[in-house]
Amino acid sequence: MKVLVAGGAGYIGSHCVRQLLHAGHEPVVIDNFVYGHRAALPAGVRLYEAGLGDAAALDRLFAAERIEVVMHFAAYCYVGESVTNPLKYYLNNVGATLTLLDAMRRHGVTKFVFSSTCATYGVPEKMPMTENLPQAPINPYGQTKLDVENLLKALATADGLSFASFRYFNAAGAAEDGSIGEDHDPETHLIPLAIGAAQGVRPTLQVFGTDYPTPDGTCLRDYVHVDDLSRAHIAVFSKLTAPGAQHFYNLGTGTPTSVLEVIRAVEKITDRKVPVKYAPRREGDPPALYANADKARKELGWKPKFMTIGPIVETAWRWHQAHPRGFGR
Ligand code: UDP
């Protein structure tokens, strides 16, 4: 398949580009490099440097390439920033996505794979989380993703768009060969911050909240390897054959892991101490989020290779050891 990867130079997108090549598909990348990294792209991959809000650039791209499927990873993803600057999130995560979907329609591209999030559920009423739980996001980031999901449903009915929306839990880890990995600026995610603190290239790690109603008092999350996420994006192609097909899948291992367990895994694998400071809860953090991903297992045959935090942290450590300052800016 010839696949347009929007945001292909970002964290999850770049891992997916490699998995697509590995599986014999032909990725074409569009990225504006606001958050993406040129060094995350394999040599020779076709690249369009443009934002998704640029309808003329999209027209040129779709006219030049016979794209069969669009995968859309290009979004802003800082929950806190989405609260303080919601317009930035709506303009990009919703607005630019509208321009992309409109261009697809003009050019007759009918298959779409969307990066959604468990943040669309808000504070879930039961655990582990299945796809049919009510979706009630508690921040603009989650709301923008839910808005796009709702639009996709309408387009499936009206235009016959075939789509899959993947609700990711906590994407983590790095390519197994250590060549690419997680590099956000600013970095807010637990695993890279904990590894950076262990390496001495980042400050003391703050543990946000130790009084949650969880076994050790810290938040439980479901860390899922970025290559496992990528593999689901390819497995879903077989579900996009019928016009108007619509599919929603949670992607997580189903293994709840606490903040302290992540820290212990980082200390074990790096053989270094993670300097820690206990801090108050971070606003907007639900106590526990973990997936029931049976639907993806059954319908896509998706079986995560990385089921526990240790091997996931090992891949992240390999990447951070080789690139202590990320891709380099
Ligand atoms: N966390 C933490 N200290 C940090 C960053 C994160 O204690 O410096 C906690 C956070 O409160 C959450 C978990 O680690 O419970 C995962 O946070 P992350 O930002 O990596 O992902 P999120 O779950 O917010 O998508």
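As a reminder, the structure under discussion sits directly above these lines.
Residues numbered from 1 in each chain as written. Predicted model: local features only at pLDDT ≥ 70, side-chain atom pairs only at ≥ 80, totals over all residues. Heavy atoms only, no water.

Draft legend 1. Inspection of the overall build of the protein chain at higher detail. A tally of helices and strands in the protein chain yields ten helices and 13 strands. In terms of overall dimensions, the protein chain is globule-like: its C-alpha atoms have a radius of gyration of 19 Å, near the 20 Å expected for 329 residues. C-alpha atoms of the protein chain, sized along the principal axes, occupy 55 × 45 × 40 Å. Taking contacts inside the protein chain between residues at least 6 apart in sequence as the whole, the part at least 24 apart equals 77%. Surface exposure of the protein chain reaches about 13700 Å², of which carbon and sulfur atoms provide 53%. (Helix = DSSP H or I, 4+ residues; strand = E, 2+ residues; numbered from the N terminus. Rg over C-alpha atoms; globule rule 2.2 N^0.38 Å. Contact = heavy atoms within 4.5 Å. Areas by Shrake-Rupley, 256 points an atom, 1.4 Å probe, with all protein chains shown as cover.)

Draft legend 2. Structural detail: the packing of aromatic side chains. Summed over all chains, the structure comprises seven aromatic pairs. The interplanar angle of 85 degrees and the centroid separation of 5.5 Å between the aromatic rings of Tyr-35 and Tyr-76 together place this pair among those described as edge-to-face. Here Tyr-76 lies in the loop between strand 4 (69-72) and helix 3 (79-84) and Tyr-35 lies in the loop between strand 2 (26-31) and strand 3 (46-49), a separation of 41 residues in the sequence. Tyr-35 sits in the partly exposed class, given a relative accessible area of 30%. Put simply, the rings of Tyr-35, Tyr-76, Tyr-78 and Tyr-89 touch in pairs and so form one group of aromatic residues. The ring of Phe-33 has Arg-38 sitting right over it, with the charged end atom 4.1 Å from the ring centre. It is Lys-295 that lies over the ring of Tyr-249; its NZ or CZ is 4.5 Å from the centre. (Phe/Tyr/Trp six-rings, centres within 6.5 Å; stacked < 30°, edge-to-face > 60°. Buried < 20%, exposed > 50% of the residue type's maximum accessible area, 1.4 Å probe, protein only. Lys NZ or Arg CZ within 6 Å of the ring centre and 35° of its normal.)

Draft legend 3. Representation of the packing of helix 2 (residues 55-64) against helix 4 (residues 86-106) in the model. At a minimum axis separation of 10 Å, helix 2 and helix 4 run at an interaxial angle of 40 degrees. Considering only the axes of helix 2 and helix 4, their crossing is right-handed. Contacts from Ala-55, Leu-58, Asp-59 and Phe-62 of helix 2 reach helix 4 at Thr-99, Leu-100, Ala-103, Met-104 and Arg-106. Looking at the contact of helix 2 with helix 4 residue by residue, the class counts come to six nonpolar, one polar and two charged. (Axes fitted to C-alpha atoms, helices over the stretch in contact; angles between N-to-C directions. Left-handed = near helix turned anticlockwise from the far one by under 90°. Nonpolar A, V, L, I, M, F, W, Y, C, P; charged D, E, K, R; others polar.)

Draft legend 4. Local environment of the site of the ligand. The immediate surroundings of the ligand are formed by 15 residues, with Leu-190, Gln-206, Arg-221, Arg-282 and Asp-285 found nearest. Taking Asn-170, its side chain carries an N or O atom lying 2.9 Å from an oxygen atom of the ligand. At 3.4 Å, a backbone N or O of Thr-188 approaches an oxygen atom of the ligand. For the ligand, the protein covers 87% of the area, taking 510 Å² as the surface of the free molecule. Contributing elements (two or more residues each) for the shell around the ligand: helix 6 (190-199) and strand 8 (205-208). Broken down by element, the shell around the ligand gets its largest block of residues, four residues, from strand 8. (Near = heavy atom within 4 Å. Polar contact = N/O pair within 3.5 Å; in protein donor to acceptor, adjacent residues only side chain to side chain.)

Draft legend 5. Representation of helix 10 (residues 309-322) in the model. When the terminal C-alpha atoms of helix 10 are compared, their 20 Å separation across 14 residues agrees well with the 20 Å that a helix rising 1.5 Å per residue should span. Every buried residue belonging to helix 10 is among Ile-309, Gly-310, Ile-312, Val-313, Thr-315, Ala-316, Trp-317, Trp-319 and His-320, and all of these are buried. If you follow the buried residues of helix 10, they end up packed against strand 7 (170-172), helix 6, strand 10 (223-225), strand 12 (257-258) and helix 8 (259-270). (Expected span 1.5 Å × (residues − 1).)

Draft legend 6. Region of the structure containing the side chain of Ser-162. For Ser-162, the location among the structural elements is in strand 6 (residues 162-168). Among the residues examined, Ser-162 registers a relative accessible area of 2% and is labelled buried. Among the polar contacts made by the side chain of Ser-162, one reaches the main-chain carbonyl oxygen of Ala-242 at a distance of 2.6 Å. Dropping the residues within four chain positions of it, Ser-162 is found in contact with Thr-110, Lys-111, Phe-112, Leu-240, Ala-242, Pro-243, Gly-244 and Ala-245.

Draft legend 7. Main features of the environment of Ala-174. Position of Ala-174 relative to the elements: it lies in the loop between strand 7 and helix 6. Along the chain, Ala-174 and Thr-315 lie 141 residues apart, while their C-alpha atoms are 5.2 Å from each other. If near-sequence neighbours (up to four positions away) are discounted, Ala-174 is found in contact with His-15, Ile-180, Gly-181, His-225, Val-226, Asp-227, Thr-315, Ala-316 and Trp-319.

Draft legend 8. A look at the pattern of salt bridges. Applying the stated rule across the entire model yields 17 salt bridges. Between Asp-59 and Arg-106 there is a salt bridge, with the nearest N and O atoms lying 3.2 Å from each other. Here the residue Asp-59 occupies a position in helix 2, and Arg-106 occupies one in helix 4, the gap between them amounting to 47 residues. Look at Asp-59 and you get partly exposed, because its relative accessible area is 26%. Accessibility expressed as a relative area gives 43% for Arg-106, which makes it partly exposed. (Salt bridge = Lys/Arg side-chain N within 4 Å of Asp/Glu carboxyl O.)

Draft legend 9. Inspection of the sheet that holds strand 2 at higher detail. One open sheet accounts for seven strands, arranged 3-2-1-4-5-6-11; its pairing is parallel. For this open sheet the edge positions go to strand 3 and strand 11 (246-251), each flanked by a neighbour on one side alone. Each strand axis lies, on average, 20 degrees off the axis of its neighbour in the sheet, ignoring direction. Two strands pair when backbone bridges link them, and strand 5 (residues 111-117) and strand 6 are joined in this way by seven bridges, in the parallel orientation. When the sheet's bridge partners are listed, Ser-116 is paired in strand 6 with Arg-167. (Pairing = 2+ DSSP bridges.)

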